[in-house]
Amino acid sequence: MKKGQKGFVTRSLHTPYPKKDAYNSLHMPVYDGVAFEFDSAEKIEEVFSGKVFEHAYSRTSNPTVEYFEHKIKAVTGGYAAVALASGMAAISNVLISLVENGGNVVASNHLFGHSYALLKETLPSLGIEVRFADMTDCGAVEKVTDDKTRVYFFETITNPQLEIVDIAKLSLIARKNNVVVVTDSTITPPYVFDSKQWGVDVEVMSTTKFISGGAAAFGGVVVDNGTFDWSKLPALQSWSSKFDKNALVVRIRKEIFRHLGATMTAHTAHFMNLGLDIMSLRVDRCVENCKALAEYFQNHPKVKSFSYPGVLSHENFELAEKLFSGKPGAVMTIDLESKEACFQFYNRLNLIRRATNLNDNKTLAIHPASTIYAEFSDEEKEEMGVRSTMIRLSVGIEDVADLIEDLNQALDF
Ligand SMILES: *Cc1c(COP(=O)(O)O)cnc(C)c1O
(Lines give C-alpha, C1' and ligand atoms only; values in the text may rest on other atoms or scores of the structure.)
Protein backbone atom coordinates (compact mmCIF):
# COMPACT_ATOMS: atom_id res chain seq x y z
CA MET A 1 0.00 0.00 0.00
CA LYS A 2 1.32 3.44 -0.87
CA LYS A 3 1.79 5.97 1.91
CA GLY A 4 -1.36 7.93 2.63
CA GLN A 5 -3.46 5.58 0.53
CA LYS A 6 -6.45 3.81 2.07
CA GLY A 7 -6.44 -0.01 2.11
CA PHE A 8 -7.99 -2.24 -0.53
CA VAL A 9 -11.27 -2.96 1.26
CA THR A 10 -11.76 0.61 2.43
CA ARG A 11 -11.26 1.86 -1.12
CA SER A 12 -13.75 -0.65 -2.48
CA LEU A 13 -16.42 0.10 0.13
CA HIS A 14 -16.08 3.88 0.04
CA THR A 15 -15.62 4.62 -3.67
CA PRO A 16 -17.87 7.66 -4.22
CA TYR A 17 -20.72 7.41 -6.71
CA PRO A 18 -20.08 9.24 -9.98
CA LYS A 19 -23.26 11.24 -9.20
CA LYS A 20 -25.20 11.77 -5.97
CA ASP A 21 -28.01 9.22 -5.69
CA ALA A 22 -31.48 10.80 -5.83
CA TYR A 23 -32.53 8.93 -2.64
CA ASN A 24 -29.15 8.85 -0.85
CA SER A 25 -29.07 5.08 -1.15
CA LEU A 26 -26.07 3.67 0.71
CA HIS A 27 -25.94 0.79 -1.71
CA MET A 28 -25.57 1.49 -5.43
CA PRO A 29 -29.05 0.81 -6.89
CA VAL A 30 -29.53 -1.49 -9.88
CA TYR A 31 -30.31 0.85 -12.80
CA ASP A 32 -31.95 -1.82 -14.87
CA GLY A 33 -33.11 0.44 -17.71
CA VAL A 34 -31.97 0.49 -21.32
CA ALA A 35 -32.27 4.16 -22.32
CA PHE A 36 -31.87 7.52 -20.56
CA GLU A 37 -33.68 10.71 -21.54
CA PHE A 38 -32.44 14.26 -22.10
CA ASP A 39 -33.95 17.69 -21.38
CA SER A 40 -33.10 19.30 -24.70
CA ALA A 41 -31.88 18.83 -28.26
CA GLU A 42 -28.70 20.77 -27.37
CA LYS A 43 -27.88 18.45 -24.48
CA ILE A 44 -28.43 15.24 -26.42
CA GLU A 45 -26.30 16.67 -29.26
CA GLU A 46 -23.45 17.38 -26.81
CA VAL A 47 -23.62 13.83 -25.49
CA PHE A 48 -23.71 12.16 -28.89
CA SER A 49 -20.85 14.29 -30.20
CA GLY A 50 -18.74 13.25 -27.20
CA LYS A 51 -18.39 16.76 -25.70
CA VAL A 52 -19.90 15.68 -22.39
CA PHE A 53 -20.42 12.26 -20.87
CA GLU A 54 -23.90 11.14 -19.86
CA HIS A 55 -25.49 7.69 -20.01
CA ALA A 56 -27.65 7.39 -23.13
CA TYR A 57 -28.06 3.68 -23.83
CA SER A 58 -27.02 0.82 -21.53
CA ARG A 59 -25.22 -1.22 -24.19
CA THR A 60 -22.40 1.35 -24.01
CA SER A 61 -22.72 2.62 -20.43
CA ASN A 62 -24.97 2.31 -17.40
CA PRO A 63 -24.79 3.88 -13.90
CA THR A 64 -24.52 0.59 -11.95
CA VAL A 65 -21.85 -0.75 -14.33
CA GLU A 66 -20.03 2.59 -14.26
CA TYR A 67 -19.90 2.39 -10.47
CA PHE A 68 -18.31 -1.06 -10.67
CA GLU A 69 -15.73 0.38 -13.11
CA HIS A 70 -14.99 3.18 -10.63
CA LYS A 71 -14.49 0.64 -7.85
CA ILE A 72 -12.12 -1.40 -10.01
CA LYS A 73 -10.17 1.78 -10.76
CA ALA A 74 -10.05 2.61 -7.06
CA VAL A 75 -8.79 -0.81 -5.95
CA THR A 76 -6.29 -1.32 -8.78
CA GLY A 77 -4.99 2.24 -9.01
CA GLY A 78 -5.43 1.87 -12.78
CA TYR A 79 -5.94 4.82 -15.09
CA ALA A 80 -9.23 3.59 -16.59
CA ALA A 81 -11.46 0.52 -16.48
CA VAL A 82 -14.13 -0.96 -18.75
CA ALA A 83 -16.47 -3.73 -17.61
CA LEU A 84 -17.74 -6.32 -20.09
CA ALA A 85 -20.06 -9.32 -20.29
CA SER A 86 -17.46 -11.99 -19.47
CA GLY A 87 -13.76 -12.67 -19.11
CA MET A 88 -13.65 -13.82 -22.74
CA ALA A 89 -15.30 -10.54 -23.83
CA ALA A 90 -12.61 -8.59 -21.95
CA ILE A 91 -9.77 -10.59 -23.53
CA SER A 92 -11.15 -10.56 -27.09
CA ASN A 93 -12.08 -6.88 -27.00
CA VAL A 94 -8.72 -5.79 -25.69
CA LEU A 95 -6.68 -7.81 -28.19
CA ILE A 96 -8.81 -6.70 -31.15
CA SER A 97 -8.44 -3.09 -29.97
CA LEU A 98 -4.66 -3.27 -29.61
CA VAL A 99 -3.58 -5.19 -32.72
CA GLU A 100 -4.13 -4.13 -36.32
CA ASN A 101 -4.58 -6.49 -39.26
CA GLY A 102 -1.06 -7.72 -39.99
CA GLY A 103 0.24 -7.19 -36.46
CA ASN A 104 1.10 -10.08 -34.15
CA VAL A 105 0.63 -11.19 -30.55
CA VAL A 106 3.22 -13.26 -28.69
CA ALA A 107 1.27 -15.42 -26.25
CA SER A 108 2.02 -18.02 -23.63
CA ASN A 109 1.54 -21.61 -24.79
CA HIS A 110 -0.17 -22.30 -21.46
CA LEU A 111 -3.49 -20.46 -21.45
CA PHE A 112 -7.07 -20.92 -20.26
CA GLY A 113 -8.60 -23.20 -22.95
CA HIS A 114 -10.98 -20.71 -24.55
CA SER A 115 -8.32 -17.98 -24.58
CA TYR A 116 -6.05 -20.43 -26.38
CA ALA A 117 -8.80 -21.17 -28.93
CA LEU A 118 -9.49 -17.43 -29.40
CA LEU A 119 -5.81 -16.84 -30.17
CA LYS A 120 -5.32 -19.96 -32.25
CA GLU A 121 -8.49 -19.73 -34.37
CA THR A 122 -10.46 -16.51 -34.09
CA LEU A 123 -7.76 -13.81 -34.05
CA PRO A 124 -5.93 -15.23 -37.11
CA SER A 125 -9.25 -15.15 -39.00
CA LEU A 126 -9.26 -11.37 -38.33
CA GLY A 127 -5.75 -10.96 -39.72
CA ILE A 128 -3.99 -10.99 -36.33
CA GLU A 129 -1.08 -13.43 -36.21
CA VAL A 130 -0.39 -15.24 -32.94
CA ARG A 131 2.98 -16.72 -31.95
CA PHE A 132 2.99 -19.07 -28.98
CA ALA A 133 6.07 -19.15 -26.80
CA ASP A 134 7.27 -20.24 -23.36
CA MET A 135 6.82 -16.90 -21.58
CA THR A 136 8.87 -18.03 -18.60
CA ASP A 137 11.85 -17.98 -20.99
CA CYS A 138 12.60 -14.33 -21.90
CA GLY A 139 15.05 -15.44 -24.60
CA ALA A 140 12.35 -17.48 -26.35
CA VAL A 141 9.99 -14.50 -26.23
CA GLU A 142 12.57 -12.15 -27.71
CA LYS A 143 13.34 -14.61 -30.46
CA VAL A 144 9.78 -14.52 -31.84
CA THR A 145 9.33 -10.76 -31.34
CA ASP A 146 9.62 -8.56 -34.45
CA ASP A 147 8.63 -5.07 -35.56
CA LYS A 148 5.04 -6.20 -36.03
CA THR A 149 4.69 -7.54 -32.47
CA ARG A 150 2.17 -5.44 -30.55
CA VAL A 151 1.23 -7.48 -27.47
CA TYR A 152 2.69 -9.99 -25.00
CA PHE A 153 -0.20 -11.96 -23.52
CA PHE A 154 0.01 -14.38 -20.59
CA GLU A 155 -1.72 -15.36 -17.33
CA THR A 156 -0.22 -14.46 -13.95
CA ILE A 157 -0.39 -18.11 -12.84
CA THR A 158 -1.13 -20.68 -15.54
CA ASN A 159 -3.66 -23.38 -14.90
CA PRO A 160 -3.34 -26.29 -14.38
CA GLN A 161 0.48 -26.07 -14.66
CA LEU A 162 0.73 -23.32 -11.98
CA GLU A 163 3.62 -21.75 -13.85
CA ILE A 164 4.60 -18.14 -13.08
CA VAL A 165 6.12 -15.61 -15.45
CA ASP A 166 8.76 -13.20 -14.13
CA ILE A 167 6.63 -10.25 -15.16
CA ALA A 168 9.12 -7.50 -14.30
CA LYS A 169 11.77 -9.11 -16.53
CA LEU A 170 9.35 -9.68 -19.38
CA SER A 171 8.10 -6.12 -19.22
CA LEU A 172 11.67 -4.82 -19.71
CA ILE A 173 11.85 -6.73 -23.00
CA ALA A 174 8.43 -5.39 -23.92
CA ARG A 175 9.54 -1.78 -23.26
CA LYS A 176 12.60 -2.26 -25.42
CA ASN A 177 10.48 -3.54 -28.31
CA ASN A 178 7.53 -1.12 -27.90
CA VAL A 179 5.21 -4.04 -27.07
CA VAL A 180 2.13 -3.76 -24.81
CA VAL A 181 2.16 -6.10 -21.78
CA VAL A 182 -1.31 -7.59 -21.29
CA THR A 183 -1.90 -10.04 -18.46
CA ASP A 184 -4.90 -12.10 -17.46
CA SER A 185 -4.85 -11.90 -13.66
CA THR A 186 -8.13 -13.73 -13.04
CA ILE A 187 -6.76 -16.18 -10.48
CA THR A 188 -4.67 -13.55 -8.67
CA PRO A 189 -7.13 -10.64 -8.29
CA PRO A 190 -6.05 -7.07 -7.47
CA TYR A 191 -6.20 -7.68 -3.71
CA VAL A 192 -3.05 -9.83 -4.03
CA PHE A 193 -1.51 -8.62 -7.30
CA ASP A 194 -0.61 -5.01 -8.15
CA SER A 195 -0.15 -5.27 -11.92
CA LYS A 196 1.18 -1.73 -12.38
CA GLN A 197 4.03 -2.30 -9.94
CA TRP A 198 5.41 -5.10 -12.14
CA GLY A 199 5.18 -3.31 -15.49
CA VAL A 200 1.86 -4.58 -16.82
CA ASP A 201 0.22 -2.05 -19.18
CA VAL A 202 -3.22 -3.63 -19.46
CA GLU A 203 -4.81 -6.09 -17.05
CA VAL A 204 -7.79 -8.27 -17.96
CA MET A 205 -9.81 -10.32 -15.52
CA SER A 206 -12.73 -12.65 -15.59
CA THR A 207 -14.78 -11.22 -12.73
CA THR A 208 -16.84 -14.44 -12.91
CA LYS A 209 -14.28 -16.02 -10.60
CA PHE A 210 -13.08 -14.38 -7.38
CA ILE A 211 -14.75 -10.99 -7.83
CA SER A 212 -18.37 -12.06 -8.43
CA GLY A 213 -18.67 -13.40 -4.93
CA GLY A 214 -18.54 -17.07 -5.72
CA ALA A 215 -19.57 -17.73 -9.33
CA ALA A 216 -22.70 -15.59 -9.01
CA ALA A 217 -22.58 -14.06 -12.51
CA PHE A 218 -20.46 -13.74 -15.64
CA GLY A 219 -18.32 -10.66 -16.05
CA GLY A 220 -15.02 -9.28 -17.23
CA VAL A 221 -13.00 -6.12 -16.82
CA VAL A 222 -10.17 -4.37 -18.66
CA VAL A 223 -7.85 -2.08 -16.68
CA ASP A 224 -5.59 0.35 -18.53
CA ASN A 225 -2.73 1.24 -16.17
CA GLY A 226 -1.97 4.35 -18.20
CA THR A 227 1.65 3.28 -18.73
CA PHE A 228 1.76 2.82 -22.53
CA ASP A 229 1.97 5.73 -24.96
CA TRP A 230 -0.90 4.85 -27.32
CA SER A 231 0.38 7.19 -30.04
CA LYS A 232 3.13 4.60 -30.60
CA LEU A 233 0.75 1.75 -31.39
CA PRO A 234 -0.56 1.50 -34.99
CA ALA A 235 -4.05 0.31 -33.96
CA LEU A 236 -4.55 3.25 -31.61
CA GLN A 237 -2.65 6.07 -33.33
CA SER A 238 -5.72 7.86 -34.70
CA TRP A 239 -7.64 7.31 -31.43
CA SER A 240 -4.70 8.70 -29.51
CA SER A 241 -4.58 11.92 -31.52
CA LYS A 242 -8.22 12.54 -30.52
CA PHE A 243 -8.44 11.00 -27.05
CA ASP A 244 -4.83 10.93 -25.87
CA LYS A 245 -4.43 8.70 -22.77
CA ASN A 246 -8.01 7.46 -23.12
CA ALA A 247 -7.38 5.98 -26.58
CA LEU A 248 -7.70 2.33 -25.56
CA VAL A 249 -10.79 2.61 -23.37
CA VAL A 250 -12.53 4.92 -25.84
CA ARG A 251 -11.83 2.55 -28.74
CA ILE A 252 -13.13 -0.39 -26.72
CA ARG A 253 -16.24 1.47 -25.63
CA LYS A 254 -17.02 3.42 -28.78
CA GLU A 255 -16.11 0.87 -31.37
CA ILE A 256 -15.20 -2.71 -30.49
CA PHE A 257 -17.40 -3.28 -27.48
CA ARG A 258 -20.28 -1.15 -28.79
CA HIS A 259 -20.28 -3.00 -32.10
CA LEU A 260 -19.69 -6.51 -30.80
CA GLY A 261 -22.15 -5.90 -27.98
CA ALA A 262 -20.56 -7.77 -25.08
CA THR A 263 -22.21 -5.61 -22.43
CA MET A 264 -22.18 -6.17 -18.68
CA THR A 265 -25.74 -5.82 -17.38
CA ALA A 266 -26.70 -3.68 -14.39
CA HIS A 267 -27.76 -6.80 -12.49
CA THR A 268 -24.37 -8.38 -13.05
CA ALA A 269 -22.62 -5.20 -11.95
CA HIS A 270 -24.70 -5.37 -8.75
CA PHE A 271 -23.26 -8.83 -8.01
CA MET A 272 -19.77 -7.61 -8.84
CA ASN A 273 -20.11 -4.57 -6.54
CA LEU A 274 -21.17 -6.82 -3.66
CA GLY A 275 -18.58 -9.48 -4.45
CA LEU A 276 -15.65 -7.08 -4.70
CA ASP A 277 -16.37 -5.54 -1.28
CA ILE A 278 -15.87 -8.84 0.54
CA MET A 279 -13.44 -10.50 -1.85
CA SER A 280 -10.40 -10.03 0.36
CA LEU A 281 -12.05 -12.02 3.18
CA ARG A 282 -12.74 -14.88 0.77
CA VAL A 283 -9.25 -14.81 -0.76
CA ASP A 284 -7.61 -14.88 2.68
CA ARG A 285 -9.74 -17.83 3.73
CA CYS A 286 -9.08 -19.73 0.45
CA VAL A 287 -5.32 -19.24 0.77
CA GLU A 288 -5.40 -20.37 4.41
CA ASN A 289 -7.32 -23.50 3.33
CA CYS A 290 -4.84 -24.17 0.48
CA LYS A 291 -1.91 -24.02 2.88
CA ALA A 292 -3.63 -26.42 5.29
CA LEU A 293 -4.45 -28.83 2.45
CA ALA A 294 -0.86 -28.67 1.16
CA GLU A 295 0.31 -29.81 4.57
CA TYR A 296 -2.24 -32.61 4.57
CA PHE A 297 -1.24 -33.79 1.06
CA GLN A 298 2.44 -33.64 1.97
CA ASN A 299 1.92 -36.44 4.45
CA HIS A 300 -0.56 -38.60 2.56
CA PRO A 301 0.98 -41.80 1.13
CA LYS A 302 -1.49 -41.99 -1.82
CA VAL A 303 -0.64 -38.44 -2.99
CA LYS A 304 2.48 -38.76 -5.16
CA SER A 305 2.95 -35.01 -5.41
CA PHE A 306 1.04 -31.77 -5.08
CA SER A 307 1.58 -28.29 -6.42
CA TYR A 308 0.64 -24.94 -4.88
CA PRO A 309 2.83 -21.83 -5.34
CA GLY A 310 2.09 -20.68 -1.78
CA VAL A 311 4.29 -23.31 -0.14
CA LEU A 312 8.08 -23.62 0.00
CA SER A 313 8.20 -26.86 -2.01
CA HIS A 314 6.89 -25.12 -5.16
CA GLU A 315 9.61 -24.25 -7.67
CA ASN A 316 8.28 -20.68 -8.08
CA PHE A 317 7.58 -20.08 -4.38
CA GLU A 318 9.87 -17.04 -4.12
CA LEU A 319 8.56 -15.39 -7.27
CA ALA A 320 4.99 -16.07 -6.10
CA GLU A 321 5.70 -14.51 -2.70
CA LYS A 322 7.06 -11.41 -4.40
CA LEU A 323 4.35 -10.97 -7.03
CA PHE A 324 1.27 -12.02 -5.05
CA SER A 325 1.99 -10.84 -1.49
CA GLY A 326 2.19 -14.45 -0.27
CA LYS A 327 -1.35 -15.20 -1.52
CA PRO A 328 -1.00 -16.92 -4.90
CA GLY A 329 -4.66 -17.77 -5.52
CA ALA A 330 -6.52 -20.93 -4.56
CA VAL A 331 -5.83 -23.42 -7.35
CA MET A 332 -3.76 -26.47 -6.52
CA THR A 333 -3.12 -29.83 -8.14
CA ILE A 334 -2.40 -33.29 -6.78
CA ASP A 335 -1.01 -36.33 -8.59
CA LEU A 336 -2.10 -39.87 -7.74
CA GLU A 337 -0.72 -43.21 -8.93
CA SER A 338 -2.75 -43.46 -12.16
CA LYS A 339 -5.75 -42.19 -14.09
CA GLU A 340 -7.78 -45.02 -12.54
CA ALA A 341 -6.80 -43.88 -9.06
CA CYS A 342 -7.85 -40.33 -9.96
CA PHE A 343 -11.25 -41.57 -11.12
CA GLN A 344 -11.72 -43.68 -7.96
CA PHE A 345 -10.84 -40.70 -5.76
CA TYR A 346 -13.04 -38.40 -7.83
CA ASN A 347 -16.09 -40.65 -7.66
CA ARG A 348 -15.74 -40.98 -3.89
CA LEU A 349 -15.87 -37.24 -3.17
CA ASN A 350 -18.91 -36.34 -1.06
CA LEU A 351 -18.48 -32.69 -0.15
CA ILE A 352 -16.08 -31.40 -2.77
CA ARG A 353 -17.99 -30.79 -6.01
CA ARG A 354 -17.25 -32.44 -9.34
CA ALA A 355 -17.25 -29.35 -11.56
CA THR A 356 -15.14 -27.15 -13.79
CA ASN A 357 -14.85 -23.41 -12.92
CA LEU A 358 -12.49 -21.72 -10.48
CA ASN A 359 -12.78 -19.68 -7.31
CA ASP A 360 -16.32 -20.53 -6.43
CA ASN A 361 -16.92 -20.29 -2.68
CA LYS A 362 -17.27 -24.07 -2.79
CA THR A 363 -14.28 -26.35 -3.34
CA LEU A 364 -14.36 -27.86 -6.85
CA ALA A 365 -12.38 -30.74 -8.32
CA ILE A 366 -11.76 -31.78 -11.91
CA HIS A 367 -9.59 -34.27 -13.81
CA PRO A 368 -8.28 -31.91 -16.54
CA ALA A 369 -6.85 -34.58 -18.92
CA SER A 370 -10.23 -36.26 -19.48
CA THR A 371 -12.36 -33.10 -19.48
CA ILE A 372 -11.02 -29.62 -20.25
CA TYR A 373 -8.22 -31.11 -22.40
CA ALA A 374 -10.19 -34.06 -23.81
CA GLU A 375 -9.89 -32.69 -27.36
CA PHE A 376 -6.08 -32.67 -27.28
CA SER A 377 -3.83 -35.59 -28.27
CA ASP A 378 -1.65 -37.33 -25.68
CA GLU A 379 1.47 -35.57 -27.05
CA GLU A 380 -0.25 -32.19 -26.85
CA LYS A 381 -1.36 -32.91 -23.30
CA GLU A 382 2.18 -33.82 -22.36
CA GLU A 383 3.51 -30.63 -23.93
CA MET A 384 0.95 -28.66 -21.93
CA GLY A 385 1.87 -30.39 -18.69
CA VAL A 386 -1.58 -31.97 -18.37
CA ARG A 387 -0.91 -35.38 -16.82
CA SER A 388 -3.53 -38.14 -16.69
CA THR A 389 -2.55 -38.66 -13.03
CA MET A 390 -3.49 -35.11 -12.04
CA ILE A 391 -6.55 -33.70 -10.27
CA ARG A 392 -7.09 -29.94 -10.07
CA LEU A 393 -8.67 -28.44 -6.98
CA SER A 394 -10.13 -24.97 -6.75
CA VAL A 395 -10.21 -24.49 -3.01
CA GLY A 396 -13.17 -22.70 -1.45
CA ILE A 397 -14.01 -21.19 1.92
CA GLU A 398 -15.45 -24.24 3.72
CA ASP A 399 -14.29 -25.21 7.21
CA VAL A 400 -10.99 -26.86 6.40
CA ALA A 401 -11.58 -29.81 8.76
CA ASP A 402 -14.58 -30.78 6.62
CA LEU A 403 -12.50 -30.62 3.44
CA ILE A 404 -9.82 -32.80 4.98
CA GLU A 405 -12.43 -35.28 6.19
CA ASP A 406 -13.83 -35.57 2.66
CA LEU A 407 -10.37 -35.92 1.08
CA ASN A 408 -9.43 -38.50 3.67
CA GLN A 409 -12.40 -40.76 2.94
CA ALA A 410 -12.07 -40.23 -0.84
CA LEU A 411 -8.41 -41.27 -0.77
CA ASP A 412 -9.21 -44.36 1.29
CA PHE A 413 -9.71 -46.87 -1.56
C1 LIG B 1 -12.53 -18.37 -16.55
C2 LIG B 1 -11.36 -17.72 -17.13
C3 LIG B 1 -11.47 -16.93 -18.28
C4 LIG B 1 -12.78 -16.72 -19.01
O5 LIG B 1 -13.70 -16.02 -18.25
P6 LIG B 1 -15.28 -16.10 -18.49
O7 LIG B 1 -15.82 -15.11 -17.52
O8 LIG B 1 -15.71 -17.51 -18.26
O9 LIG B 1 -15.51 -15.69 -19.92
C10 LIG B 1 -10.32 -16.34 -18.76
N11 LIG B 1 -9.13 -16.51 -18.16
C12 LIG B 1 -8.98 -17.26 -17.06
C13 LIG B 1 -7.64 -17.40 -16.44
C14 LIG B 1 -10.08 -17.91 -16.50
O15 LIG B 1 -9.92 -18.67 -15.41
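Quick caveat: nothing in here was measured; it's all calculated off a predicted structure.

Asks: Mind showing me how you'd approach the packing of helix 4 (residues 87–98) against helix 5 (residues 113–125) here?
Replies: In a pair of packed helices, the angle between the axes and the distance between the axes together describe the arrangement. One way to put it is that helix 4 packs onto helix 5 with a least axis distance of 11 Å and a crossing angle of 35°. The element helix 4 and its partner helix 5 pack so that their crossing is right-handed. Within the contact between the two elements, helix 4 uses M88, I91, S92, L95 and I96 and helix 5 uses H114, S115, L118, L119 and L123. Counted by class, the contact of helix 4 with helix 5 contains seven nonpolar, three polar and no charged residues.

Asks: What's the story with the sheet that holds strand 3 (residues 129–133) in this structure? I'm lost.
Replies: Backbone hydrogen bonds hold the strands of a sheet together, and the pairing may be parallel or antiparallel. The strand order across the open sheet built from seven strands is 1-7-6-5-4-2-3, with neighbouring strands paired in mixed fashion. Where the open sheet ends on each side, the last strands, each with one partner, are strand 1 (80–84) and strand 3. Taken pair by pair, the neighbouring strands of this sheet meet at an average axis angle of 20°, ignoring direction. Of the pairings in the sheet, the one linking strand 6 (residues 202–206) to strand 7 (residues 220–224) comprises five bridges and is antiparallel in character. Across the sheet, the residue bridging to S206 is G220, located in strand 7. Of the strands in this sheet, strand 4 (149–155) and strand 5 (180–184) touch helix 7 (residues 167–176), which is tilted by about 170° from strand 4. Strands strand 1, strand 6 and strand 7 of the sheet are contacted by helix 9 (residues 247–260), whose axis makes an angle of about 25° with strand 1.

Asks: I would appreciate a short explanation of the pattern of salt bridges in the present structure.
Replies: When the charged atoms of two side chains with opposite charge come close together, those side chains can pair. Tallied over the full model, the rule gives 15 salt bridges. For D284, the salt bridge is made with K327, and the minimal N-O distance between the two is 3.0 Å. Here the residue D284 occupies a position in helix 11 (residues 279–298), and K327 occupies one in the loop between helix 12 (317–323) and strand 9 (331–335), the gap between them amounting to 43 residues. For D284, a relative accessible area of 26% puts it in the partly exposed group. A salt bridge links R387 to D335; the nearest nitrogen and oxygen atoms lie 2.9 Å apart. Here R387, found in the loop between helix 14 (378–383) and strand 12 (390–394), pairs with D335, found in strand 9; they are 52 residues apart in sequence, far enough to count as distant. Accessibility expressed as a relative area gives 40% for R387, which makes it partly exposed. Look at the salt bridges and you will find they share partners, linking K19, K43 and E54 into a network.

Asks: Please explain the domain arrangement of the protein chain as it appears in this structure.
Replies: Under the domain assignment, the protein chain is made up of domain 1 (8–276) and domain 2 (279–410). Measuring from the centre of the C-alpha atoms in domain 1 to the corresponding centre in domain 2 gives 28 Å. If you look at the interface, domain 1 gives 32 residues, while domain 2 gives 38 residues. When domain 1 packs against domain 2, the two sides together hide about 2,900 Å² of surface, and 65% of this comes from carbon and sulfur. Where domain 1 packs against domain 2, one counts zero salt bridges. The tally of links between domain 1 and domain 2 comes to 11 residue pairs in polar contact (both at pLDDT 80 or more). Residue composition of the side of domain 1 that touches domain 2, grouped by class: 20 nonpolar, nine polar and three charged.

Asks: Got a minute to help me understand the site of the ligand in this structure?
Replies: Surrounding the ligand, one finds 14 residues, the nearest of these being G87, D184, S206, T208 and K209. In the environment of the ligand, an oxygen atom lies 2.9 Å from a nitrogen or oxygen atom belonging to the backbone of G87. Residue T208 places a side-chain N or O atom 2.6 Å away from an oxygen atom belonging to the ligand. With the chains in place, 92% of the 380 Å² that the ligand exposes on its own is no longer accessible. It is helix 4 that provides the largest number of residues to the shell around the ligand, a total of three residues.

Asks: Can you walk me through a negative patch on the surface in this structure?
Replies: Residues D378, E379, E380, E382 and E383 make up a contiguous surface patch of negative charge. Tracing the backbone shows E382 in helix 14. Looking at E382, the relative accessible area reads 67%, which means it is exposed.

Asks: Sorry if this is basic, but what is going on with the nonpolar core here?
Replies: Grouped together as the largest cluster of nonpolar side chains are 77 residues, with contacts concentrated most on F68, Y152, F297, M332 and F345. For this core, the leading source of residues is helix 11, giving nine residues. Here this core gathers at least three residues from each of two domains, domain 1 (8–276) and domain 2 (279–410). What F68 contacts, discounting residues up to four positions off in sequence, is A83, T207, I211, M264, A269, M272, N273 and L276. Ranked by size, the runner-up nonpolar core spans 40 residues in total, among them V82, V94, L119 and L123.

Asks: Explain the packing of aromatic side chains here, please?
Replies: The description of an aromatic ring pair uses the distance of the two centres, along with the angle that the planes make with each other. This model, assessed by the stated rule, comprises nine aromatic pairs. Arranged with centres 5.6 Å apart and planes meeting at 55°, the rings of F193 and F324 form a pair that is tilted. Of the two residues, F193 sits in the loop between strand 5 and strand 6 while F324 sits in the loop between helix 12 and strand 9, which places them 131 residues apart along the sequence. Owing to a relative accessible area of 1%, F193 belongs among the buried residues under this scheme. Judged by centre distance (5.7 Å) and plane angle (40°), the rings of Y373 and F376 are tilted.

Asks: Explain the environment of G329 here, please?
Replies: Here G329 is to be found in the loop between helix 12 and strand 9. The contacts of G329, once residues within four sequence positions are left out, are I187, T188, F210, V287, C290 and Y308.

Asks: What is the right way to read the sheet that holds strand 8 (residues 305–307) from this model?
Replies: Strands sit in the order 8-9-12-11-10 across an open sheet of five strands; the sheet is mixed. Across the chains shown, the open sheet's two edge strands, defined by having one partner strand only, are strand 8 and strand 10 (353–354). Of the pairings in the sheet, the one linking strand 11 (residues 364–366) to strand 12 comprises three bridges and is antiparallel in character. Paired with L364 across the two strands is S394, which belongs to strand 12. Relative to the sheet, helix 11 contacts strand 8, strand 9 and strand 12, its axis offset from that of strand 9 by approximately 10°. Sheet strands touched by helix 13 (residues 339–348): strand 9, strand 10, strand 11 and strand 12. Its angle to strand 12, the strand with the most contacts, is close to 30°.

Cut-off values and rules
Residues numbered from 1 in each chain as written. Predicted model: local features only at pLDDT ≥ 70, side-chain atom pairs only at ≥ 80, totals over all residues. Heavy atoms only, no water. Axes fitted to C-alpha atoms, helices over the stretch in contact; angles between N-to-C directions. Helix = DSSP H or I, 4+ residues; strand = E, 2+ residues; numbered from the N terminus. Left-handed = near helix turned anticlockwise from the far one by under 90°. Contact = heavy atoms within 4.5 Å. Nonpolar A, V, L, I, M, F, W, Y, C, P; charged D, E, K, R; others polar. Pairing = 2+ DSSP bridges. Salt bridge = Lys/Arg side-chain N within 4 Å of Asp/Glu carboxyl O. Buried < 20%, exposed > 50% of the residue type's maximum accessible area, 1.4 Å probe, protein only. Domains from an automatic or database assignment. Buried area = accessible area lost by both parts, 1.4 Å probe. Polar contact = N/O pair within 3.5 Å; in protein donor to acceptor, adjacent residues only side chain to side chain. Near = heavy atom within 4 Å. Areas by Shrake-Rupley, 256 points an atom, 1.4 Å probe, with all protein chains shown as cover. Patch = residues over 30% accessible without salt bridge, like charges linked within 9 Å, V, L, I, M, F, W, Y side chains within 5 Å. Lys, Arg positive; Asp, Glu negative; His and termini not counted. Charge placed at Lys NZ, Arg CZ, Asp CG, Glu CD. Core = buried A, V, L, I, M, F, W, Y, C linked by side-chain atoms within 4.5 Å. Phe/Tyr/Trp six-rings, centres within 6.5 Å; stacked < 30°, edge-to-face > 60°.

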